Amino acid sequence: MAAMASSKSLDLLELWHTIRIPAIAAVAGIYLVVALRNRHFTQRETYDGPPSPSKLEPQLSAEPDGTVLLPEKFEDTSTSNRSRNLPASSKSGPKRITGGEVRKKKVNGPNAEGSTPIEQAELDANQKAIQIFVFYSSLTGSTGKYAEQFAKELFSKPLHKPSPAPPIANGTDIPPESNEKAIFLSPIVENLDYLDLDDYFISPASVKRKNTTSVYLLLIPTYEITSPVDAFLEHLSETHHDFRIDTRPLSSLAGFSVFGFGDKEGWPMEEGRGGGIFCGQAKEADRWMSKLTGGKRIFPIGMGDVKGDATASLTEWREHLEIALHDLANGDAISEDNGVDSEDEEDTAQDNAANTTETLVDVEDIGNSIRSSNPPKTKKSQGPLPVDFTTTSKRSAPKVKEMVPKDSPTYTALTKQGYTIVGSHSGVKLCRWTKSALRGRGSCYKYSFYGIKSHLCMETTPSLSCSNKCVFCWRHGTNPVSTTWNWTVDEPDLILQGAMEGHYKKIKMMKGVPGIRADRFAEAFTIRHCALSLVGEPIFYPHINEFLSMLHERRISSFLVCNAQHPDQLARLKYVTQLYVSIDASNKESLRRIDRPLHRDFWERFMKCLEILRAKRDRMRTVFRLTLVKGFNIEDEVEGYADLVEKGLPAFVEIKGVTYCGTSTSVGAGLSMQNVPFYEEVCEFVRRLNEALEKRGLGYGIAAEHAHSCCVLIASNNYYIDGKWHTVIDYKRFFELLEEGKEFGPLDYVGPPTAEWAVWGNGGFDPADQRVYRKGKNKGKVIEEAPSGEAESGCG
Ligand SMILES: Cc1cc2nc3c(=O)[nH]c(=O)nc-3n(C[C@H](O)[C@H](O)[C@H](O)COP(=O)(O)O)c2cc1C
Ligand code: SF4
């Protein structure tokens, strides 16, 4: 028995040795699964309803001085997105870029075989085809319209062949030429300002269809100020100089051609105002494209004077271009290499720099030269074009410019609108509410909500430049735009001094205006508040923190509005009395449509700024500024806005109807009186937003209103103290706290209760002032006269 027992235990021991590893692994696995499950349920059990600030991810926190440390930096996409978008392997060593897929836009345009474009579906797979891309850039909208029209008209009429070309059949359909080797696909129109340039200009756009090459036609305006065209030219230049990329990366294109838009009166052929020249940037684009394609210019650059005959010039250029394209389709010129060495071309260009202006040919001259000589031919079929347009641009070392030089049209335009330009990049302007308050006719909503008397407030900006082109902005036709600061920088004390002097000068000029109240006029010579919201982007200014400190040292409060496009600068921002971000839409597409941002990663930047704002909410008063534009960002967006509030958890949400200014630019952007909501519509939106916030349990309520300027305030319940809203600021306490140098938060400088007349439901107009009602059918809408200088700006 004992022997049997001992042999059994030996068997068991053997069995244990055989199965011990899988058994231990199985037990450990089961333990892990159970532990994870328990953890999951523990978390779920402790979840207590709607998200509170501490539970929202990801978390950033502010330092005692109000700054936020960011784990990563947002680089300027205008110049550096290439390095991010290159294939991973190309970052570690030299590599030839061979191309990738592109996002395609709707194919449009006319349709006929031979010279006219046709839809892909109708093609025989072996048929050679040419895809035309019409690229454009536009700051104020006109080039976009020209581009659409151009694409519609391309090949829409019989070829306008100059003699001695053979006559063609009457009628609108052009019979295919018997020797036609390739046909044209309907053109694709693309806006360079929003395109991922890497997809199109590091290697040719990849077209899914086989046997298809592309032609790039570029319609480019010129701006002497910084504009999106700069980013495009920079991209072309970087591509050319990038050692990882083939020297002629676009050489497999069938060809390219450029048409420039400019203003000959302001910027003649030689150097014009602010250093710009007529169509200077179009010429530069033409030069870079020639280098990148290895000289595949199918037709010389055309130029149109927008104050003259731009439409006629474009038509003429198109008609000649059609012939050149036709030749391209007929001949064997669709080749990988046309034998032109771009490096030789560059050398020639530099050698010939001194003779450049002589070689310039305007489109009128091109027309004449073509009529008087032969019709244009492709290089392969006829040798190089007689005029080398790559030599038209003089290259000089880049120098740092002033943002708004005194002799620039921007300066003239802004001063005409009532701005005082301070130094080279700042501006100050008397707000219409300051004037109104001086006359006892009421202050702006900042008085009703936060206790700011408008006649003690200065509206200024240390950066007239902005990185958006909002549809409702007054100034995008005139104010500079850019994604990065690339101008000379003025010292903060000079800006503050200049701004205050400019402000007081304008106050002095109010002396003779009927109805000015003597007491307020006298008080107005001590600025107590500064609204950094005039126009442009104040946090763009590299010394913004020093500027703010100087205001605070003088016991001037700061209200700073930023456009949520500069997370790095926002994170670095120190104490502000009240910090705003403009929330002009609740989703990416809507934001693109309304703000027309220059940054390609605008949505990521926007979301990052909300995170940063949330991190700052324990240090300062934070505000979301919503500007409602009917037909753009009101309808169906309430839930989206509530989501954004949940993300940023601002102390306040200001909701304001857009202000209509009726400038040609706003009209061009598709804005009319129809887009201005009535106050009742704003109120209805506010009620719905409040409900959406309540549903999420976020702890907000409708606190105050200023019907006079179509503005309503939603506030965090933190400001509902002892049964009353407390939205007004204790400015004296704010400065004391700063001077004490201890850590403090926004609830440490809460002022007295919000005035009864300002509380939601009571209208928001101080009975001590005299209300002046507007007559007419648009009563209840905020309309401003522009450019009289009477108005607040789009984000003011
Ligand atoms: C501030 C400003 C600067 C300009 N600079 C130049 C220039 O240097 N050269 C030029 O030929 N045209 C210049 N123009 C004219 C524009 O190129 C022209 O108005 C063009 O049609 C604008 O196109 P867009 O509406 O598509 O932005 C300038 C226009 C403005 C408003
Ligand atoms: S409204 Fe403000 S953010 Fe928008 S473009 Fe104008 S200045 Fe820039």
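The protein chain appears in an unreviewed UniProt entry as S-adenosyl-L-methionine-dependent tRNA 4-demethylwyosine synthase from Dactylellina haptotyla. If you open the UniProt record of the protein chain and go to Sequence similarities (unreviewed entry), you find "Belongs to the TYW1 family." What UniProt records for the protein chain under Cofactor (unreviewed entry) is the sentence "[4Fe-4S] cluster".

A. Looking closely at the overall build of the protein chain. Counting its secondary structure elements, the protein chain contains 24 helices and 17 strands. Within the protein chain, buried positions represent 48% of all 796 residues. Sequence separation of 24 or more characterises 79% of the internal contacts of the protein chain that already satisfy a separation of 6 or more.

B. Highlighting the environment of Phe-734. Summarising the element assignment, Phe-734 is placed in helix α24 (residues 731–740). Overall, the presence of 24 C-beta atoms within 10 Å leaves Phe-734 in the buried class. Phe-734 sits 177 residues away from Ser-557 along the chain, and the two C-alpha atoms are 8.5 Å apart. Setting aside its immediate chain neighbours within four residues, Phe-734 contacts Ser-557, Thr-577, Ile-729 and Tyr-749.

C. Layout of the sheet that holds strand β1 (residues 128–136). Strands sit in the order β2-β1-β3-β4-β5 across an open sheet of 5 strands; the sheet is parallel. A strand with exactly one partner marks an edge of an open sheet, and here the two such strands are β2 (182–191) and β5 (302–305). Pairwise comparison of adjacent strand axes, ignoring direction, gives a mean angle of 20 degrees for this sheet. As defined by bridge partners, strand β4 (residues 255–262) adjoins β5 across 4 bridges and the pair is classed as parallel. Within β5, the position partnered with Gly-260 by the bridge is Met-303.

D. Focus on the site of ligand 1. Taken together, 23 residues form the shell around ligand 1, and within it Ser-138, Thr-143, Pro-221, Gly-262 and Gly-276 come nearest. Going through the elements one at a time, α4 (142–153), β4 and α12 (409–416) are the ones with two or more residues in the shell around ligand 1. Considered class by class, the residues forming the shell around ligand 1 number 10 nonpolar, 11 polar and 2 charged.

E. The arrangement of the sheet that holds strand β15 (residues 711–716) in detail. Taken together, 10 strands build an open sheet; the order of strands is β6-β7-β8-β9-β10-β11-β12-β13-β15-β14 and the sheet is mixed. The sheet terminates laterally at β6 (420–422) and β14 (700–706), the two strands that pair on one side only. Neighbour-to-neighbour, the strand axes of this sheet turn through a mean angle of 25 degrees, independent of strand direction.

F. Spotlight on the environment of Arg-696. Relative to the helices and strands, Arg-696 is located in the loop between α23 (679–695) and β14. The class of Arg-696 is partly exposed, set by 17 C-beta atoms lying within 10 Å. Each C-alpha atom of the pair Arg-696 and Glu-646 lies 8.1 Å from the other, and the pair is 50 residues apart in sequence.

G. Region of interest: helix α6 (residues 228–241). The first and last C-alpha atoms of α6 sit 20 Å apart over 14 residues, in line with the 20 Å expected at 1.5 Å per residue. Looking at α6, one finds that the buried residues are Pro-228, Val-229, Asp-230, Ala-231, Phe-232, His-235 and Thr-239.

H. Focus on the packing of helix α15 (residues 492–508) against helix α17 (residues 544–553). Running from amino to carboxyl end, α15 crosses α17 at an angle of 50 degrees, the nearest separation of the two axes being 9 Å. Looking at the two axes, α15 sits oblique to α17. Two packed elements cross with a definite hand, and for α15 against α17 that hand is right-handed. On α17, the residues touching Pro-492, Asp-493, Ile-495 and Leu-496 of α15 are Glu-546, Phe-547 and Met-550. When its residues are assigned to classes, the contact of α15 with α17 shows 5 nonpolar, no polar and 2 charged.

I. Summary view of the nonpolar core. By size, the foremost hydrophobic cluster in this structure holds 118 residues, and its most contacted members are Ile-655, Val-682, Val-686, Ala-703, Ile-714 and Ala-715. Setting aside residues up to four positions removed in sequence, Val-686 forms contacts with Ile-655, Ile-702, Val-712 and Ile-714.

J. Representation of the packing of α6 against helix α7 (residues 280–293) in the model. Two elements in contact, α6 and α7, have axes whose closest approach is 10 Å; the angle formed by their N-to-C orientations is 25 degrees. The angle between α6 and α7 places the two elements in the roughly parallel class. Between α6 and α7 lies a crossing whose hand is left-handed. Contacts between α6 and α7 pair Val-229, Leu-233, Leu-236, Ser-237, Thr-239 and His-240 from the former with Gln-281, Glu-284, Ala-285, Trp-288, Lys-291 and Leu-292 from the latter.

K. α17, seen in detail. Of the positions making up α17, those classed as buried are Ile-544, Asn-545, Phe-547, Leu-548, Leu-551 and His-552. Along the axis of α17, the buried residues cluster in a sector spanning 160 degrees; they form a single face. Looking at the packing, one finds that the buried side of α17 touches α15, β9 (529–532), β10 (557–562) and α24. At the C-terminal side of α17, Arg-555 shows a positive phi close to 60 degrees.

L. Just the pairing of strand β8 (residues 457–461), in detail. Judged by how many residues are buried, β8 sits mostly within the fold: 5 of 5 residues are covered. Alternating positions in β8 separate into two faces, Cys-457, Glu-459 and Thr-461 on one and Met-458 and Thr-460 on the other, with burial throughout. Here strand β7 (residues 426–429) runs beside β8; their pairing, made up of 3 bridges, is antiparallel. When the sheet's bridge partners are listed, Val-428 is paired in β8 with Thr-460. Two elements, β8 and β9, share 4 bridges in a ladder whose sense is parallel. Paired with Glu-459 across the two strands is Ala-531, which belongs to β9.

Definitions and cut-offs
Residues numbered from 1 in each chain as written. Chains lettered and ligands numbered in written order. Predicted model: local features only at pLDDT ≥ 70, side-chain atom pairs only at ≥ 80, totals over all residues. UniProt positions renumbered as here; feature names shortened; annotations may be inferred. Helix = DSSP H or I, 4+ residues; strand = E, 2+ residues; numbered from the N terminus. Buried ≥ 20, exposed ≤ 12 C-beta atoms within 10 Å, placed from the backbone. Contact = placed C-beta atoms within 7 Å. Pairing = 2+ DSSP bridges. Axes fitted to C-alpha atoms, helices over the stretch in contact; angles between N-to-C directions. Near = placed C-beta within 6 Å. Nonpolar A, V, L, I, M, F, W, Y, C, P; charged D, E, K, R; others polar. Expected span 1.5 Å × (residues − 1). Parallel < 35°, antiparallel > 145°, perpendicular 65-115°, else oblique. Left-handed = near helix turned anticlockwise from the far one by under 90°. Core = buried A, V, L, I, M, F, W, Y, C linked by C-beta atoms within 7 Å. Arc of directions from axis to C-beta.

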